[in-house]
Every structure is written in structure tokens, then in C-alpha cells.
Amino acid sequence: GIPLSVLFPEVHFKMVDSIGKKILVVQNIAKDLTLDNIETFHCRAENIEFKTDYSVSRAVTELKTFMQWSWNKIKGGDGRGILYLKGGDLSEEISTGIKGIKNIQEITLTDISTLFKEDFFQTKKVLYIKKGK
């Protein structure tokens, strides 16, 4: 979330983690960099009570669980949805993760290796699940 908040200073980011040390680090970095577009929450993602435009995850859990935690907390329409970053073959995880989920408008899977040539990125992907209205 920190790099995104630096790249997009006009966007407000709500960062959630159940591990207090991680939230404390984010708060300290935001303070040191004078980032005023970050709000932190020390709680479990499934317990948040606010709606968001996007939910972004970097290999937090399997897609099915992440969808259960976040899909109903995303406002619909205008390209809103989930950005899910993970490595490996995601085909089965995607088919299992979206089963029974309503209002999916579009699914796009992008190989990060098309953007970055370093070996580390060879198996990494970004899954975008766009929510309809």
C-alpha cells in the first residue's frame, strides 16, 4: 500500500492488517514520508465495516477466502473490484474462488513478467476482478 500511496497521492488508501506490528510500521513510514492519504486499521479484513472502491491483496490467502472477505465490501460499477497479486498457476484457484460469486463483470489475468523482466517476476500475476453495478 505504501508504494501505491506514493504513486497516487490523490487517492485515499485504507490499509488493513491483523498484525499490529505491520500496521505500526505502515503508520511510521506514512508519518516519515508525510503521506496524508493513508488510514490504517488493526483488524482482520473480514471484520471491516466500510465499503471500498478496490480491494488489493498480495498473496494474503487463497482467492476463495479473499473473495468471501471483500467482495460485498466493494462498491459496484465504474471499474471497481479486486486486484489480487500472486504467483504460480492460478487457473484452479480462480475457478474455485469465483464460484457462486454474483455480479462479476470481467476477469483479467496479467503476467507481471510482461512488465518486468527480472527473474523474480516470471511466475507472478495480477488478477483483476471487476464488479458490476
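Since this is a predicted model, take the numbers as computed values, not measurements. (Residues numbered from 1 in each chain as written. Predicted model: local features only at pLDDT ≥ 70, side-chain atom pairs only at ≥ 80, totals over all residues. Heavy atoms only, no water.)

Undergrad: Help me get a handle on the packing of aromatic side chains, residues and values and all.
TA: In total, this model carries 4 aromatic pairs according to the counting rule given. Relative to F50, the ring of F41 lies with its centre 4.8 Å away and its plane at 40 degrees, an arrangement referred to as tilted. Assessed through its relative accessible area of 18%, F50 is described here as buried. Taking the centre distance of 5.8 Å and the plane angle of 40 degrees together, the rings of F66 and Y84 count as tilted. In this pair, F66 sits in helix α3 (residues 63-70) while Y84 sits in strand β4 (residues 81-87), placing the two residues 18 residues apart along the sequence. Grouping residues by exposure puts F66 and Y84 together as buried. Over the ring of F120 we find K124, and its NZ or CZ is 4.6 Å from the ring centre. The ring of W71 is capped by K131, whose NZ or CZ atom sits 5.2 Å from the centre of that ring. (Phe/Tyr/Trp six-rings, centres within 6.5 Å; stacked < 30°, edge-to-face > 60°. Buried < 20%, exposed > 50% of the residue type's maximum accessible area, 1.4 Å probe, protein only. Helix = DSSP H or I, 4+ residues; strand = E, 2+ residues; numbered from the N terminus. Lys NZ or Arg CZ within 6 Å of the ring centre and 35° of its normal.)

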